[in-house]
Amino acid sequence: MSKESPLRVLIGQLNKEYSLSEEFKSRVTQLIERLEGLNLPAEQVRVLLGKVRETYERQVLVESCREESRKSLDRIQGAIQSYSNALNNINQRLDQAEAALENLLSTKPPARPASPRSSEERTIIPFDKEKAKALAAFASISSKNSRIN
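Just so you know, these numbers come straight off a predicted model, no measurement behind them.

1. Quick word on the side chain of Glu 63
With respect to the helices and strands, Glu 63 occurs in helix α3 (residues 42-106). Buried within the structure, Glu 63 lacks any salt-bridge partner; Arg 66 is the closest side chain of opposite charge, at an N-O distance of 4.9 Å. If sequence neighbours within four positions are ignored, Glu 63 has contacts with Ser 19, Leu 20, Ser 21 and Phe 24.

2. Some details on the nonpolar core
Of all hydrophobic cores here, the largest spans 11 residues; its members are Leu 7, Leu 10, Ile 11, Leu 14, Tyr 18, Leu 20, Phe 24, Val 28, Ile 32, Val 52 and Tyr 56. Those elements that provide at least two residues to this core are α1 (6-17), α2 (22-36) and α3. For this core, the leading source of residues is α1, giving four residues. For Tyr 18, the residues in contact, after removing those within four places along its chain, are Lys 25, Arg 53, Tyr 56, Glu 57 and Val 60.

3. Quick look at the packing of aromatic side chains
Counted by the stated rule, this structure contains two aromatic pairs. Between Tyr 18 and Tyr 56, the aromatic rings sit 6.3 Å apart at their centres with planes inclined by 40°, giving tilted as the arrangement. One end of the pair, Tyr 18, is in the loop between α1 and α2; the other, Tyr 56, is in helix α3, and 38 residues separate them in sequence. Each member of the pair, Tyr 18 together with Tyr 56, is buried. Ring geometry for Phe 24 against Tyr 56: centres 5.0 Å apart, planes inclined by 75°, an arrangement best described as edge-to-face. Placement of Phe 24 in helix α2 and of Tyr 56 in helix α3 is noted, with a sequence separation of 32 residues between them. A single burial state applies to Phe 24 and to Tyr 56, both of which are buried. Through successive ring pairs, a cluster of aromatic residues spans Tyr 18, Phe 24 and Tyr 56.

About the thresholds
Residues numbered from 1 in each chain as written. Predicted model: local features only at pLDDT ≥ 70, side-chain atom pairs only at ≥ 80, totals over all residues. Heavy atoms only, no water. Helix = DSSP H or I, 4+ residues; strand = E, 2+ residues; numbered from the N terminus. Buried < 20%, exposed > 50% of the residue type's maximum accessible area, 1.4 Å probe, protein only. Lys, Arg positive; Asp, Glu negative; His and termini not counted. Salt bridge = Lys/Arg side-chain N within 4 Å of Asp/Glu carboxyl O. Contact = heavy atoms within 4.5 Å. Core = buried A, V, L, I, M, F, W, Y, C linked by side-chain atoms within 4.5 Å. Phe/Tyr/Trp six-rings, centres within 6.5 Å; stacked < 30°, edge-to-face > 60°.

What follows is the structure, encoded as structure tokens:
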């Protein structure tokens with residue numbers, strides 16, 4: 001019965017201990033297989049064991065940072081998409097308000113009665129009220145849009 005090499009034993013332990021990519025595990029295994037053909041002194045094997053453990057620990061950090069970066073990127077892309085959707089909605093509302101305002105301004109007000117009235121008798125006719133409301137709504141939407149941009 002041949003004794004399993006200490007490097008191969010360590011690789012087995014580390015693969016169970018750390019959840020790393022198959023690509024990394026495969027590359028390390030290939031390197032260990034190439035080293036097994038050499039007759040290394042015990043001191044060099046001990047140094048290699050330490051280096052392999054350090055490499056696994058660094059790889060855990062690399063892969064976890066990569067995953068966190070991917071998650072952050074996904075969150076940023078989601079925020080950008082939400083912001084873009086909000087801007088599109090605002091632009092649609094602006095377009096609608098602009099069209100409504102143009103429509104309102106293009107219609108002629110009803111003819112005013114010829115009878116003179118005192119200043120107390122004068123009231124705002126419904127058309128002027130609607131016109132004022134439309135202008136106020138358009139100004140409000142324009143103001144909000146300029147703050148977002």
